[in-house]
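Structural features, examined
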Amino acid sequence: MDEEHTAGYKERCAVCSEVDWGISDEGRFYCRSCHNVIERTKEVVEPTFNPSSSRITTLSRGARTKTPERGQQWVICEGFQFILRNQADALIRLGVSPRFKDEVLCELWRSFLQKSGQAYASSLGRPSRTAGRGGDTESSTNASETDGDSCNAGALNARSARDWSTFSGSLDAVSYLSGHMRRTRHSLLSMKRTLALIHVALVWSREPLTLSDLLRLVNEGHVPYVNAYQELPDEMKLQGKDALLFRVQSVPSHQVVHSDAQALIGFLKLPAFPPISRQSLLHPSLLSLRYLMDANLPDELHPWVCRLMERAGMADQTLHTIHLKDCPSLPRYDVQTASLIIVTVKLLFGLDDRTEWELSHEACDQDESGAMFNPRRWFRVVQAALSRAQHRRTQEVARKQWVPQKPLLLSSQKKSVALKTKRVAEQVQLCFEKLSGRPVSVQRGDPSSFRFLWGVGDSADGPSLHQKKLDGILTLKNGVPTPSNSTYWRPALSASQMCSRLYSDVEATLPRSFVWLLQLFCFLLDVKPAYLLQEVLRVEALVVKGNGKRGRKPGSMLRTKIQTWA
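Anyway, here's the lowdown on the structure attached to this text. Counting from 1, residues in each chain are numbered in the order their sequence is written. Local features in a predicted model are, by the rule used here, given only for residues with pLDDT of at least 70; side-chain atom pairs are given and counted only at 80 or more, and totals for whole chains, interfaces and linings are based on all residues. Calculation of side-chain values draws on the structure's entire complement of heavy atoms; hydrogens and water are dropped beforehand.

Now for the overall build of the protein chain. For the protein chain, the helix and strand inventory stands at 19 helices and seven strands. Looking at the protein chain as a whole, 46% of its 566 residues are labelled buried. A total of about 30,000 Å² of accessible surface is found on the protein chain, and carbon and sulfur atoms cover 51% of it. Think of it this way: any DSSP run of H or I at least four residues long counts as a helix, any run of E at least two long counts as a strand, and we number them from the N terminus. Under the scheme applied here, a residue whose accessible area is under 20% of the maximum for its type counts as buried, over 50% as exposed, and between as partly exposed, the area being computed with a 1.4 Å probe on protein chains only. With residues, only the protein chains shown are counted as cover, and all accessible areas are computed by Shrake-Rupley using a 1.4 Å probe.

What follows is the structure, given as structure tokens:
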């Protein structure tokens, strides 16, 4: 049978020079002598082929450019709604009460949409569109429902399919960034304002989660924020102007989120918040216990913090409960509590680079059993742990992966460049992992309310000093424990004068021990030193209440007798 098909092929085999060809089961020619397979194949004739019936009648040319898949039509508030839901779900998985999401955050979100005119209103606050995709006059804008609540944007008309695909993936990104909408900035939502809304809902729910805790969870990746748009449904295509709204390049600071939360409270005109009483974990009386433990300070310091809080008039729950008439300002619970502790430590130990070391020597002379608190030992223990923690955080920031898995681009022309850059970065990362023997990305650990772990064991940051006594720094006067330190110093500067630019000049005039304590609590709260010092000055003004001379230049010190107000 093979001879019939190979009879016309008389070429010699390139391996053995024989002319003895056969055909394999696959239809390929092979040499029967050496079994060499060549490229020639068997010709198959189709008996039903009719040349006259296979005539080409037309020629058509396909489109040079492929039309991108647009997905379903959606609006900006739907994207932020999905992100808020994911952030709330992450907090609930970490232990926050489910009522925080269902009863508080959803109601705040509805109120924001209504007051900004984006939903739940008779006239929506968006410019109308003239035509939708496929010639429809109205677009179906609900990409999907979020917990049964959508942005109620069914009446929103799309512009045109051409404009929609040119400027953005969403319907209203261009109008959202228009000059009119920017002038009414309180009605705009941004990524950092999702954190502000979450913070307001946490305060309303009286959850023991401060703003610094929330930002730390965001930084560690437990709460979605950086590249949070990657968790949006596949039907919601993001491109073009959407990148300006959903792309995040850094986590906002404590001050920025607090200011946005304060602006949201004023914009929403919220009623009085539930009271923050002494039994609430946000009140300084209980929150200070947590910060004293994290700073490895003795438990006996807590009654002095409460006494100082009473002295400053900061124990009243009305001062910690938001009310647009009585208390319109949103309290900075974490920064305020840390400032109370700093002022208390200054009261007892002096922190003037002299008094605290004298007290340490006296404690060493009196302490035979090692039960007394020694400021010098406390400084050495905490400083060693602080240096290690700062170095560890610097490494984590350097190894943190900011590049998203799904790049969000301003224009489609840059897509190929971005994909190539991403591919090169992944190859470099893979090579680094092979050379270093450990993964480049940060391994996410379990979240904790504490920065340090004090105690015994391999995982401890140092020995615990919580049970130490303050007998070495206190004296009995008329049967009442009184600090051995007799004077209290403070900068001749008011809280309103303090700013980041002025801090560098003021910091050079402050005692080193006080600056170190300020930096310790800045690390615990992840805030700037100028921001914390401003609150310390505000607390000192409430405690001292005008004692000391005024009118001195910034950089000079005011001193007050402790016996007059301690």
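Now that the structure has been shown, we can carry on.
This part covers the pattern of salt bridges. When a carboxyl oxygen of Asp or Glu is within 4 Å of a side-chain nitrogen of Lys or Arg, the pair counts as a salt bridge. One pass over the structure, following the stated rule, counts 16 salt bridges. The shortest N-O distance in the salt bridge between E535 and R332 comes to 2.5 Å. Of the two residues, E535 sits in helix α19 (residues 529–544) while R332 sits in the loop between α12 (302–311) and α13 (333–349), which places them 203 residues apart along the sequence. No difference in accessibility class separates E535 from R332, as the two residues are buried. When the shortest N-O distance is used, the salt bridge between R393 and D526 registers 3.7 Å.

This next bit is on the packing of helix α7 (residues 191–205) against helix α10 (residues 254–268). To get an axis, a line is fitted to the C-alpha atoms, and for a helix only the part in contact is used. The angle between two axes follows their N-to-C directions and goes from 0 to 180 degrees. Following both chains from N to C, one finds α7 and α10 inclined at 65°, their axes separated by 8 Å at the closest point. If you check the angle between α7 and α10, you find them roughly perpendicular. Every pair of crossing elements has a handedness; the one defined by α7 and α10 is right-handed. Contact residues: K192, R193, L195, A196, L197, H199 and V200 in α7; V256, V257, D260, A261, L264 and I265 in α10. Following the grouping adopted for this structure description, the nonpolar residues are Ala, Val, Leu, Ile, Met, Phe, Trp, Tyr, Cys and Pro, the charged ones are Asp, Glu, Lys and Arg, and the polar ones are all others, Gly among them. For the contact of α7 with α10, a count of residues per class yields nine nonpolar, one polar and three charged. An angle below 35 degrees is treated as roughly parallel, one above 145 as roughly antiparallel, one from 65 to 115 as roughly perpendicular, and anything else as oblique. Left-handed describes a crossing whose near helix is turned anticlockwise from the far helix through less than a right angle; right-handed describes the clockwise counterpart. By definition, residues are in contact when any of their heavy atoms lie within 4.5 Å.

With their axes 11 Å apart at the nearest point, helix α2 (residues 76–93) and helix α3 (residues 99–115) run at an angle of 160° to one another. It follows from the interaxial angle that α2 and α3 lie roughly antiparallel. The handedness of the crossing between α2 and α3 comes out as right-handed. For the pair α2 and α3, contact is made by C77, F80, Q81, L84, R85, A88, D89, L91 and I92 and by F100, K101, L105, W109 and L113, respectively. A class-by-class count of the residues in the contact of α2 with α3 yields ten nonpolar, one polar and three charged.

Here we take up the packing of aromatic side chains. Two numbers describe a pair of aromatic rings. These are the distance of the centres and the angle of the planes. Each aromatic pair joins two rings of Phe, Tyr and Trp (for Trp, the six-membered one) with centres within 6.5 Å, and gets the label stacked for planes under 30 degrees apart, edge-to-face for over 60, and tilted for any other angle. Summed over the entire model, instances satisfying the criterion amount to 13 aromatic pairs. Here W74 and F246 contribute two aromatic rings whose centre-to-centre distance is 6.2 Å and whose plane-to-plane angle is 55°, an arrangement assigned as tilted. Here F246 lies in helix α9 (residues 242–246) and W74 lies in the loop between β3 (37–41) and α2, a separation of 172 residues in the sequence. An aromatic cluster of at least three residues, connected via ring pairs, comprises F349, W357, F373, W378, F379 and W516. Just above the ring of W489 sits the side chain of K346; from NZ or CZ to the centre is 3.8 Å. R451 extends its terminal NZ or CZ atom over the ring of F523, reaching a point 5.2 Å from the ring centre. Geometrically, a charge over a ring is one whose NZ (Lys) or CZ (Arg) sits within 6 Å of the ring centre while staying within 35 degrees of the ring normal.

Okay, the nonpolar core next. Core analysis: the biggest nonpolar cluster contains 131 residues, and L91, F246, F521 and L532 have the highest contact counts within it. Filtering out sequence-adjacent residues up to four positions away, L91 remains in contact with V96, F100, I198, L202, L209, L214, L217 and V223. Residues Y9, C13, I23 and F29 belong to the second largest nonpolar core, which totals seven residues. As used here, the term nonpolar core means buried Ala, Val, Leu, Ile, Met, Phe, Trp, Tyr and Cys residues forming a set that is joined through side-chain atoms within 4.5 Å.

What follows deals with the pairing of strand β5 (residues 480–483). A regular strand places its side chains so that they alternate between the two faces of the sheet. Note on pairing: two strands pair once DSSP finds at least 2 bridges between them. Across four bridges, the pairing between strand β4 (residues 474–477) and β5 is antiparallel. Each residue of the ladder has a partner; that of K477, found in β5, is V480.

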